[in-house]
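The residues making up each chain are set out below.
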Amino acid sequence: MDLFTVSKACEATLKIRRSTFIGYVITVEDLSSAKEAISQRSAEHSRATHNCWAYVLGYEGETCHSSDAGEPSGSAGRPILNALKSANLTNVAAVVTRYYGGVKLGVRGLIEAYEEATNSAITEAKLLPVVATVTFSVELPYDLVGTFMHQIQNFSAKCTQDYGAKVTCLVEVPLEFQKPCEQYLTTLAATSQTSFHLLEG
């Protein structure tokens, strides 16, 4: 199953039976950034009645969590999480802020409201595919950089360079190109003053 993330933070506001629901979805890299995004958003709406949230992480969406943040159990966090999963999103955090308008919605009404607010924010987003990658750290002489940069484009690589006594490159390639890239690097290391290793995690 193909998974996606959002290109930038997006939000949508709904009025439901006098309560205001503000759905907010943002791309995150890991658990730490997910928690930070949720905390920051909740702080921005510290006067709200509730800031309920969920996140999904991982190339297979394998890590997820949600919180009702004071709403009745199962009425907020889970619907937000379900909306993220139904849209095949990962590496995202979502917060739905509620300003209570004086009319109780009941558990069913809350479930529908929190899910709708999340979905409305998602519809405002541009979705980007999430591709599993691996990263190689490569150290090579200056005179090989030009050829090296040209060759790794065959593996749809992203590369950052750090210039010292030699050039150290962090080369990120899609998982499907790991073996051919590793073969190229092995050949390069055997014929020049180049070394490399696969970064963990």
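Each chain has its residues counted from 1, following the order in which its sequence is written. Thresholds applied to this predicted model are a pLDDT of at least 70 for local features of residues and 80 or more for the giving and counting of side-chain atom pairs; totals over whole chains, interfaces and linings are not thresholded and use all residues. Remark: hydrogens and water are excluded; side-chain values derive from all non-hydrogen atoms of the structure.

A.B. asks: Give me the lowdown on the nonpolar core, citing residues and values where you can.
C.D. replies: Counting 25 residues, the largest nonpolar core has Phe 21, Val 25, Ile 80, Leu 84 and Tyr 114 as its most contacted members. A run of H or I in DSSP counts as a helix once it spans at least four residues, and a run of E counts as a strand once it spans at least two, with each numbered from the N terminus. Counting residues per element, the ones that place at least two in this core are β2 (10–16), β3 (19–27), β4 (50–57), α2 (77–86), β6 (92–99) and α3 (106–123). Note on contacts: a residue pair is in contact if any heavy atoms of the two residues lie within 4.5 Å. Dropping the residues within four chain positions of it, Leu 84 is found in contact with Val 25, Ala 54, Tyr 55, Val 56, Leu 89, Val 92, Ala 94, Thr 118 and Ile 122. Grouped together as the second largest cluster of nonpolar side chains are 17 residues, Val 134, Leu 140, Ile 152 and Ala 157 included. Within this scheme, the nonpolar core is defined by two criteria: the residues are buried Ala, Val, Leu, Ile, Met, Phe, Trp, Tyr or Cys, and they are joined through side-chain atoms within 4.5 Å. The rule is simple: take the accessible area with a 1.4 Å probe, protein chains only, and divide by the maximum for that residue type; under 20% is buried, over 50% is exposed, in between is partly exposed.

A.B. asks: Account for the sheet that holds β6, with residues named and values stated.
C.D. replies: Think of it this way: DSSP has to see at least two bridges between two strands before they count as a pair. Reading across from one edge, β2-β3-β6-β4-β5 is the order of the 5 strands in this open sheet, with antiparallel pairing throughout. The strands lining the two open edges of the sheet, one partner per strand, are β2 and β5 (63–67). Between one strand axis and the next, the sheet turns through 15 degrees on average, direction left out of account. By the bridge criterion, 8 bridges tie β3 to β6 in an arrangement that is antiparallel. Looking across to β6, one finds that Tyr 24 is bridged to Val 95. Contacting β2, β3, β4 and β6, helix α1 (residues 31–44) runs over the sheet at an angle of about 160 degrees to β4. Only C-alpha atoms enter the line fits that serve as axes; for helices the fit covers just the stretch in contact. Angles between N-to-C directions range over 0 to 180 degrees.

A.B. asks: Describe the environment of Gly 23, with residues and values.
C.D. replies: Along the chain, the position of Gly 23 falls in strand β3. Residue class for Gly 23 comes out buried when judged on its relative accessible area of 0%. As a C-alpha pair, Gly 23 and Ala 117 span 94 residues in sequence and 4.7 Å in three-dimensional space. For Gly 23, the residues in contact, after removing those within four places along its chain, are Cys 10, Glu 11, Ala 12, Val 95, Val 96, Ala 117 and Ala 121.

A.B. asks: Pulling in residues and values, what's your account of helix α4 (residues 145–152)?
C.D. replies: What α4 keeps buried is the set Val 145, Phe 148 and Ile 152. For α4, the angular spread of buried residues about the axis comes to 65 degrees, placing them on one side. Structural note: α4 exposes Gly 146 and His 150 on the side pointing more than 90 degrees away from its buried face. On its buried face, α4 sits against β8 (133–140), β9 (158–163), β10 (167–174) and α5 (178–191). The arc in question is the one traced by the directions running from the helix axis out to the C-beta atoms.

A.B. asks: I'd like a rundown of the pattern of salt bridges, residues and numbers included.
C.D. replies: We define a salt bridge as a side-chain nitrogen of Lys or Arg found within 4 Å of a carboxyl oxygen belonging to Asp or Glu. Going through the model one piece at a time under the given rule, you end up with 3 salt bridges. Here Glu 11 makes a salt bridge to Arg 41, at a shortest N to O gap of 3.1 Å. With Glu 11 in strand β2 and Arg 41 in helix α1, this pair connects stretches of sequence that are 30 residues apart. A salt bridge links Glu 44 to Arg 41; the shortest N-O distance between them is 3.7 Å.

A.B. asks: Explain the packing of α4 against α5 residue by residue, including any values.
C.D. replies: For the pair α4 and α5, interaxial distance at closest approach is 11 Å and the crossing angle is 160 degrees. It follows from the interaxial angle that α4 and α5 lie roughly antiparallel. Crossing hand, α4 versus α5: right-handed. On the side of α4, the interface is formed by Thr 147, Phe 148, Gln 151 and Ile 152, while α5 contributes Tyr 184, Leu 185 and Leu 188. As a working rule, the residues Ala, Val, Leu, Ile, Met, Phe, Trp, Tyr, Cys and Pro are called nonpolar, Asp, Glu, Lys and Arg charged, and the rest polar, with Gly in that last group. Per-class residue counts for the contact of α4 with α5 are 5 nonpolar, 2 polar and no charged. Here is the rule for angles: anything less than 35 degrees is roughly parallel, anything more than 145 is roughly antiparallel, 65 through 115 is roughly perpendicular, and the remaining ranges are oblique. Definitions for this section: a left-handed crossing has its near helix turned counterclockwise from the far helix by less than a right angle. A right-handed crossing has that turn clockwise.

A.B. asks: Describe the side chain of Ser 137, and please don't skip the residues or the numbers.
C.D. replies: Tracing the backbone shows Ser 137 in strand β8. With a relative accessible area of 12%, Ser 137 lands in the buried category. Discounting chain neighbours no more than four positions away, the residues touching Ser 137 are Thr 168, Cys 169, Leu 170, Ser 195, Phe 196, His 197 and Leu 199.

A.B. asks: Talk me through the packing of aromatic side chains; I want residue IDs and the actual numbers.
C.D. replies: Only the six-membered ring of Trp is used, alongside the rings of Phe and Tyr, when aromatic pairs are assigned; centres must lie within 6.5 Å, and planes under 30 degrees apart are stacked while those over 60 apart are edge-to-face, with the rest tilted. All told, the structure shown has 6 aromatic pairs when counted by the stated rule. Consider the rings of Phe 155 and Tyr 184, whose centres lie 6.1 Å apart with planes at 40 degrees: the pair is tilted. Of this pair, Phe 155 sits in the loop between α4 and β9 while Tyr 184 sits in helix α5, placing them 29 residues apart in sequence. Clustering of aromatic rings is evident, with ring pairs tying together Phe 148, Phe 155 and Tyr 184. Throughout this description, the term charge over a ring refers to an Arg CZ or Lys NZ atom that lies within 6 Å of the ring centre and within 35 degrees of the ring normal. Sitting above the plane of the Tyr 24 ring, Arg 41 keeps its charged end 4.0 Å from the centroid.

Everything listed here is a matter of geometry and, on its own, says nothing about what the molecule does.
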